[in-house]
Amino acid sequence: MSRLDSFISRMQSQREIINHVKDNAMIAPDGVILEIGLGNGRTYDHIRESFPNNRIIVFDRAVGSHPASTPPEKDLVLGDIKDTIQQFAGTNVALAHADIGTAYAEKDARTLTWLPQSVAAALAPGGIAVSGLPLDNPELEPLPLPVGVEPGRYYFYRKR
Ligand code: SAM
């Protein structure tokens, strides 16, 4: 698979899984959503459109998003997510989406030393995690992938 194919597959997977969560009413209508990695703000915008009544708290080192998809300041948490996400442990988050893989094996291995347990700690029982990196954690049960999502390209879990 070319890098272009892989990129397209990642975008498609993000959209399919987010749409699946919405279409199947998998999260509480008033539950908090964590968008882990704002980047350009494309997935933030899709999540915002899909879940207009849920608060979305967004993490990144700095704001680099398009002005049309930049979150309000009150919902932005800036800094290293490894540190900033810790304050959400035990807060009963409904949905966490993490798009912070880099395709550099060493960097991703470092992220995986803290991301799975941090996401698991933030989610409510029954909460949903969607991630570009695998979240191997005993509290996170893998869910069947929606049609159109290539196994191993994106990951989908429910907290036990
Ligand atoms: N899903 C986003 C979109 O649709 O535009 C793209 C996210 S981009 C691939 C990943 C973002 O996560 C980057 O903006 C990067 O700065 C941020 N990021 C990755 N690791 C981080 C960390 N440990 N702390 C803070 N930000 C991080």
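Criteria and thresholds
Residues numbered from 1 in each chain as written. Predicted model: local features only at pLDDT ≥ 70, side-chain atom pairs only at ≥ 80, totals over all residues. Heavy atoms only, no water. Pairing = 2+ DSSP bridges. Helix = DSSP H or I, 4+ residues; strand = E, 2+ residues; numbered from the N terminus. Axes fitted to C-alpha atoms, helices over the stretch in contact; angles between N-to-C directions. Contact = heavy atoms within 4.5 Å. Salt bridge = Lys/Arg side-chain N within 4 Å of Asp/Glu carboxyl O. Buried < 20%, exposed > 50% of the residue type's maximum accessible area, 1.4 Å probe, protein only. Near = heavy atom within 4 Å. Polar contact = N/O pair within 3.5 Å; in protein donor to acceptor, adjacent residues only side chain to side chain. Areas by Shrake-Rupley, 256 points an atom, 1.4 Å probe, with all protein chains shown as cover. 1 Å grid on protein atoms, 1.4 Å probe; cavity = no way out; pocket = protein on both sides within 12 Å on 5 of 7 lines; lining within 4 Å. Sits in = over half its atoms within 2 Å of the grid points. Nonpolar A, V, L, I, M, F, W, Y, C, P; charged D, E, K, R; others polar.

Under the annotation held in an unreviewed UniProt entry, the protein chain carries the name S-adenosyl-L-methionine methyltransferase and is attributed to Pararhizobium polonicum.

Enquirer: I keep staring at the sheet that holds strand β7 (residues 155-159) and nothing clicks. Help me out?
Expert: What links the strands of a sheet is backbone hydrogen bonding, and the strands pair in either a parallel or an antiparallel sense. Taking strand neighbours across the sheet as the criterion, the 7 strands line up as β3-β2-β1-β4-β5-β7-β6 in an open arrangement whose pairing is mixed. Edge positions in the sheet fall to β3 (76-78) and β6 (140-142), since each has one partner strand and no second. Taking the axes of each pair of neighbouring strands and ignoring which way they run, one obtains an average angle of 20° across the sheet. Against the sheet, helix α1 (residues 3-23) engages β4 (93-98), β5 (123-131) and β7, with an angle of about 30° to β7.

Enquirer: Sorry, what's going on with the pattern of salt bridges here?
Expert: Two side chains that carry opposite charge are able to pair once their charged atoms sit near each other. The tally for this structure, following the rule as stated, stands at 6 salt bridges. Residues Asp99 and Arg10 are paired through a salt bridge, measuring 3.1 Å at the closest nitrogen-oxygen approach. With Asp99 in the loop between β4 and α4 (105-111) and Arg10 in helix α1, this residue pair connects regions lying 89 residues apart in the sequence. Residue Asp45 is joined to Arg48 by a salt bridge in which the shortest nitrogen-to-oxygen separation is 2.5 Å. Taken together, the residues span about one helical turn, with Asp45 and Arg48 both in helix α2 (residues 42-50) at a distance of 3 residues. For Asp45, a relative accessible area of 29% gives the class partly exposed.

Enquirer: What's the story with the site of the ligand in this structure? I'm lost.
Expert: Taken together, 16 residues lie near the ligand, and Thr43, Asp60, Asp80, Ile81 and Asp99 sit nearest. Between the ligand and the protein, one listed contact pairs a nitrogen atom with a backbone N or O atom of Arg61 at 3.2 Å. Separating a nitrogen atom of the ligand from a side-chain N or O atom of Asp80 is a distance of 3.0 Å. Contact with the protein chains hides 80% of the accessible area of the ligand, taken as 600 Å² for the molecule alone. If you map the ligand onto the pockets, it falls in the largest pocket. Classifying every residue of the shell around the ligand by side-chain character gives 4 nonpolar, 6 polar and 6 charged.

Enquirer: Please clarify how the pairing of β5 should be interpreted in this entry.
Expert: Both faces of the sheet carry side chains from a regular strand, because those side chains alternate between them. When you tally the buried positions in β5, you get 7 out of 9 residues, the bulk of the element. The pairing of β4 with β5 spans 5 bridges and is parallel. Residue pairing for β5: Ala96 is matched across the bridge by Ala129. Relative to β7, β5 is paired through 4 bridges, and the arrangement is antiparallel. The residue bridging Ile128 from the neighbouring strand is Arg158, located in β7.

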